[in-house]
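One letter stands for each residue in the lines below.
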Amino acid sequence: MPPLLVLPFPAIDPVIVEFGPFALRWYALAYIVGIVLAWRYMRILVLNDRLWGAARRPAPLEIDDFVLWGTLGIIIGGRLGYVLFYNPAYYLANPLEALAVWSGGMSFHGGFAGTVIAMVLFSWRRGLSVWTLFDLAGCAAPIGLFFGRIANFVNSELWGRPADVPWAVIFPNGGPEPRHPSQLYEAALEGVLLFVMLRLLSHRFQLLRRRGFLAGAFAFGYGLCRSIAEIYRVPDAHIGYLGGFLTMGILLSLPMIVAGLAVMIWAARRPRTGVEAA
């Protein structure tokens, strides 16, 4: 019998509205809202002269043009990442299913890699500093992460390990045991906390003037936040634990932590103001 102090799972239909074969889901809406708000936030950053000093940054219209590139990077990279990292055997046997994005299955680490590739290509074509674009995207990314994790909670997926804490939740497809609402932990860590940290670095310390520092801070911060959240999250059933408490999520986050720290150290040694080479 579950303890008395358990939060009921909110009865929210994953489908917002349905018109014949078309269905708008909360998960899709989370992607749309996250991308739109991240785009608007990047525009706000490039329009704030106080944050940049003499450092060159993209024009607002260039940010507008980048949105499509970034969206394709997120979707294609996120799907390919899930196929390759989390269930390659299944998709090798069912290759057409790899295209069925609507059936679920997206990887943050794959989406991150896809967005990085999109930013490299876009900055090369437009003659922009790729590190400045990395910084802007890093500052805005927690917005999308927050909404994505809330959608995971609504979908009753990626739930946490069994728990006896007062805020434990009994998920409709997670068995009778109360569980950590790990999706909400990730929304708080990867979304709210990481956004506030990057906001402080960009506005209080004006680190957009050190190209690459905020990109490194995002990679380091995300990897750390994700690794902490993974302690409370149940790994994918077909993968399980890779050894001890190690999960695929932690394994993929460790290179981000190391690379992010290295980039921050490298950026901190570069000139703070003026026009730098890309």
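As a reminder, the structure under discussion sits directly above these lines.
Computed from a predicted structure; not experimentally measured. (Residues numbered from 1 in each chain as written. Predicted model: local features only at pLDDT ≥ 70, side-chain atom pairs only at ≥ 80, totals over all residues. Heavy atoms only, no water.)

Asker: Would you mind going over the overall build of the chain with me for this structure?
Answerer: Each helix and strand in the chain was counted, giving 8 helices and 2 strands. Start at the N end of the chain and walk to the C end: the helices and strands fall as β-β-α-α-α-α-α-α-α-α. Principal axes of the C-alpha set define a box for the chain whose edges measure 65 × 40 × 35 Å. Burial status across the chain gives 47% buried among its 278 residues. Accessible surface computed for the chain: about 14100 Å², of which carbon and sulfur atoms make up 72%. (Helix = DSSP H or I, 4+ residues; strand = E, 2+ residues; numbered from the N terminus. Buried < 20%, exposed > 50% of the residue type's maximum accessible area, 1.4 Å probe, protein only. Areas by Shrake-Rupley, 256 points an atom, 1.4 Å probe, with all protein chains shown as cover.)

Asker: Help me understand the environment of Phe 112 in this model?
Answerer: By the secondary structure assignment, Phe 112 is in helix 4 (residues 108–126). Note: C-alpha distance between Phe 112 and Ala 141 (29 residues apart in sequence) is 9.5 Å. The residues contacting Phe 112, other than those within four sequence positions of it, are Phe 218 and Met 256. (Contact = heavy atoms within 4.5 Å.)

Asker: Mind showing me how you'd approach a nonpolar patch on the surface here?
Answerer: A cluster of nonpolar residues, Leu 68, Leu 72, Ile 75, Ile 76, Leu 80, Leu 84 and Phe 85, forms a patch on the protein surface that exposes about 650 Å² of accessible area. Inspection of the secondary structure assignment puts Leu 84 in helix 2 (residues 60–85). Residue Leu 84 is classed as exposed on the basis of its relative accessible area, which comes to 58%. (Patch = residues over 30% accessible without salt bridge, like charges linked within 9 Å, V, L, I, M, F, W, Y side chains within 5 Å. Salt bridge = Lys/Arg side-chain N within 4 Å of Asp/Glu carboxyl O.)

Asker: How do you make sense of the nonpolar core when you look at a structure like this?
Answerer: One broad trend across soluble globular proteins is that nonpolar side chains are buried collectively. With 37 residues, the main nonpolar core has Met 42, Leu 136, Leu 214, Phe 218 and Tyr 222 as its most contacted residues. In terms of residue count, the dominant contributor to this core is helix 5 (residues 130–154) (9 residues). (Core = buried A, V, L, I, M, F, W, Y, C linked by side-chain atoms within 4.5 Å.)

Asker: Sorry if this is basic, but what is going on with the packing of aromatic side chains here?
Answerer: Two descriptors summarise a pair of aromatic rings, namely the distance from one centre to the other and the angle between the planes of the rings. Going through the model one piece at a time under the given rule, you end up with 17 aromatic pairs. Put simply, the rings of Phe 108, Phe 112, Phe 218 and Tyr 222 pair up and form one aromatic cluster. The lysine or arginine in question, Arg 40, covers the ring of Trp 39, its NZ or CZ lying 5.0 Å from the ring centre. (Phe/Tyr/Trp six-rings, centres within 6.5 Å; stacked < 30°, edge-to-face > 60°. Lys NZ or Arg CZ within 6 Å of the ring centre and 35° of its normal.)

Asker: Mind showing me how you'd approach the environment of Gly 244 here?
Answerer: Relative to the helices and strands, Gly 244 resides in the loop between helix 7 (213–230) and helix 8 (248–268). Classification of Gly 244 as exposed rests on a relative accessible area of 67%. For Gly 244 and Phe 213, which are 31 residues apart along the polypeptide, the C-alpha to C-alpha distance reads 33 Å.

Asker: Please clarify how helix 6 (residues 182–204) should be interpreted in this entry.
Answerer: Under the 1.5 Å per step criterion, the end-to-end length of helix 6 is 31 Å for 23 residues, consistent within 8% with the ideal 33 Å. Of all the bends in helix 6, the greatest, near 30°, is centred on Leu 194. Two residues or fewer past helix 6, Gln 206 is found with a positive phi of approximately 50°. (Expected span 1.5 Å × (residues − 1). Bend = angle between axes of the 7 residues up to and from the residue.)

Asker: Explanation requested: the pattern of salt bridges in the structure shown.
Answerer: A side chain of one charge can pair with a side chain of the opposite charge when the charged atoms of the two come close. Counted under the stated rule, the structure contains 10 salt bridges. Between Asp 64 and Arg 43 there is a salt bridge, with its nearest N and O atoms 2.7 Å apart. Of the two residues, Asp 64 sits in helix 2 while Arg 43 sits in helix 1 (residues 26–47), which places them 21 residues apart along the sequence. Residue Asp 64 is classed as partly exposed on the basis of its relative accessible area of 23%.

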